[in-house]
Amino acid sequence: MEIDGLPVAPLARALIDAARRMDELNSVRAMIHDAVHRGLCTPEELRDELAQASTIGSALPRIVVNALQDGVDSAVEQWLESVLERSGLPRPTRSAELRTSDGAVVGVADAWWSQVGVALQIRHAEVTLEPDKLPTMPALVAPGLIVVQASPAQLRDEPLVVIQDLRAAHRRARQRPPPNLGSVPAAPAA
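Treat the numbers as computed from the prediction; the structure is a model and nothing was measured.

Moving on, we get to the overall build of the protein. When you go through the protein residue by residue, the secondary structure sums to 7 helices and 7 strands. Taking all 190 residues of the protein together, 36% fall into the buried category. Considering only residue pairs separated by 6 or more positions, the protein has 64% of its internal contacts joining residues 24 or more positions apart. For the protein, the accessible surface area stands at approximately 10,900 Å², while carbon and sulfur atoms represent 53% of it.

Here's what the structure looks like:
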């Protein structure tokens, strides 16, 4: 491929080549996710490049690209998934729109433990590249609802703190009846 007479590599190939020389999973994940989320290349193009590339140094990019394939489409989602797995808590409902008994929408929980009335809400605005295009997410407030808020940076850099907060919320929640809230899958962002 040439641009203005200069030979260039497709972005997917350049990303995989760069990722093969990196030694930190979070850096590989951030680089690849940024390109995919900007629409500069697709997970399929990355998988094709990995299939053609040498296996030397391919472990980290394979982890990231396989996670994209498995539907974990952002670094924040992967950090959240890691926290949830390590927490030892029951599996929550993910991306749940919480509603009162009369159907009024309370908000969206990134993780929802309906049996105890605990919700985790991630403050996504702290990492977006275009904060003015991010839909506003109101704080979850309802009688009896216990909400743990975490930033993406906390999920990445302080997962044990988030896990401790979630466990403490669960202990508190088990000491009272759960709130009268239902949930439905949250509609994807447009």
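Phi angles above zero are rare outside glycine, and Asp4 is one such case at about 50 degrees. Relative to the elements of secondary structure, Asp4 occurs in the loop between strand 1 (2-3) and strand 2 (6-7). Given a relative accessible area of 79%, Asp4 falls into the exposed group. Even without glycine at this site, Ser95 takes up a positive phi of about 50 degrees. Relative to the helices and strands, Ser95 resides in strand 3 (residues 93-100).

Next up on the list: the pairing of strand 4 (residues 105-113). Counting buried positions along strand 4 gives 7 out of 9 residues, so the element sits mostly inside the fold. With 6 bridges joining them, strand 3 and strand 4 adopt antiparallel strand pairing. Bridging from a neighbouring strand, Leu98 pairs with Gly107 of strand 4. As consecutive antiparallel partners, strand 3 and strand 4 are separated by 4 residues, and within that stretch Gly103 has a phi angle of approximately 95 degrees, a positive value. Bridge count between strand 4 and strand 5 (residues 118-122): 3 bridges; the pairing is antiparallel. If you follow Ala111 over to strand 5, its bridge partner there is Leu120. In this antiparallel pair of consecutive strands, strand 4 and strand 5, the connection spans 4 residues, and Gly117 shows a positive phi of 75 degrees.

Here is what the cut-offs are and how they apply
- Residues numbered from 1 in each chain as written.
- Predicted model: local features only at pLDDT ≥ 70, side-chain atom pairs only at ≥ 80, totals over all residues.
- Heavy atoms only, no water.
- Helix = DSSP H or I, 4+ residues; strand = E, 2+ residues; numbered from the N terminus.
- Buried < 20%, exposed > 50% of the residue type's maximum accessible area, 1.4 Å probe, protein only.
- Contact = heavy atoms within 4.5 Å.
- Areas by Shrake-Rupley, 256 points an atom, 1.4 Å probe, with all protein chains shown as cover.
- Pairing = 2+ DSSP bridges.

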